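Take a look at the letters that make up each chain.
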Amino acid sequence: MRFCAIIVLFAYFQVGFTQNCDSILLGELKDFHDNTPIVGATLFIKNLNKYVTSDENGKFKIENLCKGEITLVISHIACETKTVTYNIDGDVFKSVFLEHHLEQLNEVVVSANTKIDNTSIQRSLKKETIDDFSDKSLGDALNTISGVSSLNTGNTIVKPMIHGLHSSRLLIINNNVRLFDQEWGDEHAPNIDINAAGRIDVIKGANTLMYGSDAIGGLILIRSQNYAAKDSIFGTTSLSLNTNGWGGNINSEIVRTYENGLYGKLQASYRKFGDFESPEYQLSNTGLRSVNASARIGYKSFEKGFEAYYSFVDNEFGILRASHIGNVNDLVRAINSGEPQVIDDFSYDIDNPRQSILHHLGKVEAYKRFKGLGKLSVQYDFQINRRKEFDLRRGNRSNTPVIDLRLFTTSLQSNLKIDAYDNLKLNTGFLLRYQQNNAVSGTGVSPLIPDFDKYDVGAYVTGTYNLDLFTEVSAGFRYDFSRIEAEKRYRLADWNEIYNYDELFPEFESGTIEDSRILTFPEFSFHNFSASLGLTRHFSNDIDLFFNYGLASRMPNPSELFSDGLHHSAARIEIGLLTMQKEVANKFVMSIERNNQNFGFTVSPYYKYINDFIQLIPNGITTTVRGAFPVWEYNQINARIFGIDIDINKKISNFFSYNGSISLLQGDNLSDDIPLINMPATNFTNSITYYNEDLNQLSVGLRQKTVLQQNRYPDYNFFTFDPILQEDVFVDISSTPSAYTLVDFNSSINFKAFKTGNLNIAFNVSNLFNVSYRENLNRLRYFADELGRNFNIKLKLNY
Amino acid sequence: MKTIKLLALFFISGLAMTSCSSDDDGGENDEELITTVVLTLTNTANAADIVTLTFTDLDGEGGNEPVYTPAVSTLSTNTTYTGSIQLWNATENPPEDVNEEIVGEADEHEFFYTPSVAGMTVVKTDTDGDGNPLGIETTVTTGTVGTGGLNVVLRHEPSKPNDGTLAGAGGSTDVEVNYSISVQ
């Protein structure tokens, strides 16, 4: 109901000589946004047990009021019923604001179809799906969405990928805070506890300008749940146990809500696994330990509200022991042997190599609504990310990290949502952000990412307009200014001869040269423009058509500019270049959707053209005291990525339903006329589910997923001289693993527990047939197979 | 820019306890770097006949390419040498003796010598605390005239004991150098 509004009461003063029962109250109800009168609102006068209704001008009149208190209960369709009490002493004048947007206030959880924008092309994971992944990572959960895959390091470090794009090209927004956690590294997974999320949206389309200009791949939005404003206390505790890795997860959360709009939530989870196993062998040193906690406190009403949120993630990941190798000959040995070089007995110990990451995120947000304008919100947030990576080292250095980085990010942002017009909604805002990276000293290794300070300023405006009942268009524009100031020491030979920086960037030189290293102060500024255009059209038969166009630009990240060092797990030296320019992408995404339980589908083709796409590819071999290494350098090319995601759901009978999806993608390096590196292969899933509401909501399902072999890959294989064999040997780093099919079984049932609670028991088997396989997008695929069969039991108690 | 910096400063000030200013570490040296590998061969029949094979890469990974001096080392035919290998980190001042760390963790390290000159053999003569070969000290014997290479590998965390071959040892490579040899 769009007239739903704030009600203003005007009491007209009348001079009354008698103190008893002759006062008159006149009122007028008006729309909060456009001052149009509210017709037909019901006013119940409690004291008199009498009803009046506002007339066609929104006016009402209550006569013969006695001295004393009067209580009015004002209600109107789609407005929250409001009770007001006035003291009538003669005639009074009062203004009352009525809360509206009832659907927003009253839901216990976020409703299923809140899109960030009506024209956006997005897929969502609901709380129930998220719960299935309570002992896994964000990347694993998102992997179930068509068009989303992941770049893995082993099986615990899972980096989400949308349409083949990952890292800095994906924006991950956790509770309205953009996550910054050294996400530029391929082996760095986002530091998110999936148990703290109420709902996760993946926005494949272009309507992401509110969050940044560089969402070339897309946006992942992690949202918390909304709670109803009523007196309540409830919670959930879940326990998940697994045979593969002999570990699991325990998560507990408790929520307290009050009728006045106050609410609070506490959540904590603990996850521990020992070494995982593939069908044929133990994957030594792949265990993990994770401690997470989050707290929310807030107040929510129609007019104003605030929220404070804090979350803490402490992860420790073991990295497959056999993946630590010395040089390219070790790599050849690992590739040719077909199984890990180190296979030990099962253990819960996490030895080197390992990653230890601590992430703090805090924010405070407040909003206020203004009459005839809209909603203004302001948010301040900060994040601290401390990443330590430990490697096998000589001389009692095993407890000294080789990488020790502390990234501090803080930002202030504001958004004004103007919803005063019927057909037009506008969002405008700004962002100020400061980021500081500190390569903590004491590692005994020159830092992979140097110290830097980064400043961002951005402003945007987006709008959606209803052309008619069935058609909506949106458009947006965003400008960002970014500046990065770094401090880094370069080898003189690199600076002068190899990369020619002494001629390209003489202004960065400080003049200080120590130990044949030159101290430099690289500084770069970038102006990024981005824009989006969206269209949605509703047809009969529940069919919707969406079209999005987006222009996104991304400045090179610190890794692409500055990284310089040896990665043991890949036996490669990775080099960033100061000559990197920004990446500019034009993307087109379309989606035809039918939302229907009996037969629904989504067909979503996309096309992305990326100018100056930054990629990391092998570029020659260098000789060191450890022997030969391939050098991987960042370079820029023009790239094209296009494909289609298709999802289908069909109800077969009352109890059986079918879901299927397929993702096809092709990535091309247009500059060199070869395929693009690290693109996901064609994959499809089929699942069939039996569900019986009457039988304790019993659900039993089988899910099959097939990933085909990626036959389109750039060939960066090379030969290296093996001094033992006295001959050149082939280093097959590019060829892709064969296709594989996995079958998962899942089942769950609900029981009543206590008075109001319920107990959900689930039993699942993944990789039912214990298939040995390797995945192209796993950085450790040279060394070991993926996980074998796993039995899982989940108990979830809602109370 | 100044305003932004000021604003940024304002943000951080509230969080002084969590955020520290960037420390100037004066540039971190690679402590584990091995810049120099020297194999000294002393003729057992003539202590004055010493051949020194040196690998040097002063700026570590990347930068300038490593250098072998001499480019080709000359050994005598049918001669027995006492070999001793020495690792240095010459970026430290004074240069750090890396052998000390190797000896300290002898059970986690082993050198492997693979000559590709016909008739040349290398036998490890020292052991770690468990009695397994270590390979800092060796006996090198040459045969007839020939040329080729001597591959020296230091493995970190190999399986010990092992079958004596690189392929069988496992572990990760800390050092791999290839000296060119001419036996004449």
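Residues numbered from 1 in each chain as written. Chains lettered and ligands numbered in written order. Predicted model: local features only at pLDDT ≥ 70, side-chain atom pairs only at ≥ 80, totals over all residues. Heavy atoms only, no water.

K.L.:
Looking at this structure, how should I read the overall build of chain B?
P.N.:
Across its full length, chain B holds three helices and 11 strands. Secondary structure of chain B in N-to-C order comes out as α-β-β-β-β-β-β-α-β-β-β-β-α-β. Across the 184 residues of chain B, 46% fall into the buried class. Counting only contacts in chain B whose residues sit at least 6 apart along the sequence, the fraction spanning at least 24 positions is 61%. (Helix = DSSP H or I, 4+ residues; strand = E, 2+ residues; numbered from the N terminus. Buried < 20%, exposed > 50% of the residue type's maximum accessible area, 1.4 Å probe, protein only. Contact = heavy atoms within 4.5 Å.)

K.L.:
For this particular structure, what's the right way to read the interface of chain B and chain A?
P.N.:
When the parts of a complex come together, some accessible area is lost, and that lost area is often taken as the interface size. In this complex, chain B contributes 56 residues to the contact, which on the side of chain A involves 62 residues. For the pair chain B and chain A, the two sides together bury roughly 5100 Å², of which 50% comes from carbon and sulfur. At the boundary of chain B with chain A, the tally comes to seven salt bridges. Note that D174 of chain B is salt-bridged to R394 of chain A, the shortest N-O span being 3.9 Å. On inspection of chain B and its partner chain A, the count reaches 17 residue pairs in polar contact (both at pLDDT 80 or more). Among the elements that line the side of chain B that touches chain A, the one with the most residues is strand β11 (residues 172–183) of chain B, at seven residues. Tallied by class, residues from the side of chain B that touches chain A come to 17 nonpolar, 20 polar and 19 charged. (Buried area = accessible area lost by both parts, 1.4 Å probe. Salt bridge = Lys/Arg side-chain N within 4 Å of Asp/Glu carboxyl O. Polar contact = N/O pair within 3.5 Å; in protein donor to acceptor, adjacent residues only side chain to side chain. Nonpolar A, V, L, I, M, F, W, Y, C, P; charged D, E, K, R; others polar.)

K.L.:
Sorry if this is basic, but what is going on with the nonpolar core here?
P.N.:
Note that soluble globular proteins tend to have their nonpolar side chains buried in a common cluster. Counting 67 residues, the largest nonpolar core has L331, W495, Y501, F524, L578, I733 and F783 of chain A as the members making the most contacts within it. Take this core: its biggest share by element is five residues, from strand β36 (residues 627–651) of chain A. (Core = buried A, V, L, I, M, F, W, Y, C linked by side-chain atoms within 4.5 Å.)

K.L.:
Before we go on, may I ask you to explain the sheet that holds strand β10 (residues 146–156) of chain B in this structure?
P.N.:
Adjacent strands of a sheet form backbone hydrogen bonds with each other and so pair up, either parallel or antiparallel. All names here are of chain B. The mixed open sheet is built from four strands, whose spatial order is β4-β11-β10-β7. Strand pairing shows two members of the sheet lacking a second neighbour, β4 (73–75) and β7 (109–115), which therefore form its edges. If you compare each strand with its neighbour and ignore which way they point, the axes differ by 30° on average. By the bridge criterion, 11 bridges tie β10 to β11 in an arrangement that is antiparallel. In the strand pairing of β11, H156 is matched with S172. (Pairing = 2+ DSSP bridges. Axes fitted to C-alpha atoms, helices over the stretch in contact; angles between N-to-C directions.)

K.L.:
Got a minute to help me understand the sheet that holds strand β14 (residues 218–223) of chain A in this structure?
P.N.:
Residues and elements named next belong to chain A. As summarised here, the arrangement of the five strands in space is β8-β13-β14-β11-β12, forming an open sheet in which the pairing is mixed. Edge positions in the open sheet fall to β8 (122–125) and β12 (177–178), since each of these has one partner strand only. Examined bridge by bridge, strand β11 (residues 170–174) and β12 share two bridges and lie antiparallel to one another. Across the sheet, I173 pairs through a bridge with R178, a residue of β12.

K.L.:
What am I meant to see in the pattern of salt bridges here?
P.N.:
Here the idea is simple: oppositely charged side chains can pair when their charged atoms come close. Under the counting rule described, the total for this entry stands at 44 salt bridges over all chains. With a closest N to O distance of 2.6 Å, E32 of chain B and R393 of chain A form a salt bridge. With one member in each of two chains, E32 of chain B in the loop between α1 (2–13) and β1 (36–43) and R393 of chain A in the loop between β23 (374–390) and β24 (403–418) form a pair that bridges those chains. Each member of the pair, E32 of chain B as well as R393 of chain A, is classed as buried. In this structure, the salt-bridge partner of K454 of chain A is D456 of chain A, at a minimum N-O distance of 3.2 Å. The pair formed by K454 of chain A and D456 of chain A is uniform in burial state, with each residue classed as buried. Salt bridges sharing common partners tie together R394, R397 and R626 of chain A together with E101 and D174 of chain B.

K.L.:
Before we go on, may I ask you to explain the packing of aromatic side chains in this structure?
P.N.:
Each aromatic ring pair is specified by the distance between its two centres and by the angle formed by the two planes. Evaluated as defined, the whole model comprises 31 aromatic pairs over all chains. Taken together, a centroid distance of 4.7 Å and an interplanar angle of 35° make the contact between F44 of chain A and Y51 of chain A tilted. Looking at F44 of chain A, the relative accessible area reads 18%, which means it is buried. Take Y51 of chain A: its relative accessible area is 56%, and that puts it in the exposed class. An angle of 50° between the planes, with centres 5.8 Å apart, marks the rings of F599 of chain A and F601 of chain A as tilted. For the cation-ring pair, R354 of chain A lies above F390 of chain A, with the distance from its terminal atom to the ring centre recorded as 3.8 Å. Between K124 of chain B and the ring centre of F112 of chain B, over which it is positioned, the NZ or CZ distance is 4.1 Å. (Phe/Tyr/Trp six-rings, centres within 6.5 Å; stacked < 30°, edge-to-face > 60°. Lys NZ or Arg CZ within 6 Å of the ring centre and 35° of its normal.)

K.L.:
Explain the environment of P630 of chain A here, please?
P.N.:
All names here are of chain A. Relative to the helices and strands, P630 is located in strand β36. Remark: the alpha-carbon pair of P630 and T42, spanning 588 residues in sequence, is separated by 77 Å. Here P630 is in contact with V328, A571, R572, I573, G620, I621 and F718, once residues within four sequence places are set aside.

K.L.:
I'm lost on the domain arrangement of chain A in this one. Help?
P.N.:
Domain parsing of chain A yields domain 1 (7–100) and domain 2 (131–136 + 139–149 + 221–798). Here the C-alpha centroids of domain 1 of chain A and domain 2 of chain A sit 55 Å apart. (Domains from an automatic or database assignment.)

K.L.:
Looking at this model, I keep getting lost on unusual backbone geometry. Mind explaining?
P.N.:
Where the residue is not glycine, phi is negative for most of them; where a peptide bond is considered, it is trans in most cases. Residue and element names in this part refer to chain B. A cis geometry characterises the amide bond from T69 onward to P70, with omega recorded as -10°. For P70, the location among the structural elements is in the loop between β3 (67–69) and β4. Residue P161 is bonded to the preceding K160 through a cis peptide linkage, with omega at -5°. Looking at where P161 falls in the secondary structure, it is placed in the loop between β10 and α3 (166–169).

K.L.:
Can you help me understand a negative patch on the surface in this one?
P.N.:
Residue and element names in this part refer to chain A. Residues D344, D345, D349 and D351 make up a contiguous surface patch of negative charge. With respect to the helices and strands, the residue D345 is situated in the loop between α4 (328–337) and β22 (354–370). The class for D345 is exposed, based on a relative accessible area of 69%. (Patch = residues over 30% accessible without salt bridge, like charges linked within 9 Å, V, L, I, M, F, W, Y side chains within 5 Å. Areas by Shrake-Rupley, 256 points an atom, 1.4 Å probe, with all protein chains shown as cover. Lys, Arg positive; Asp, Glu negative; His and termini not counted. Charge placed at Lys NZ, Arg CZ, Asp CG, Glu CD.)

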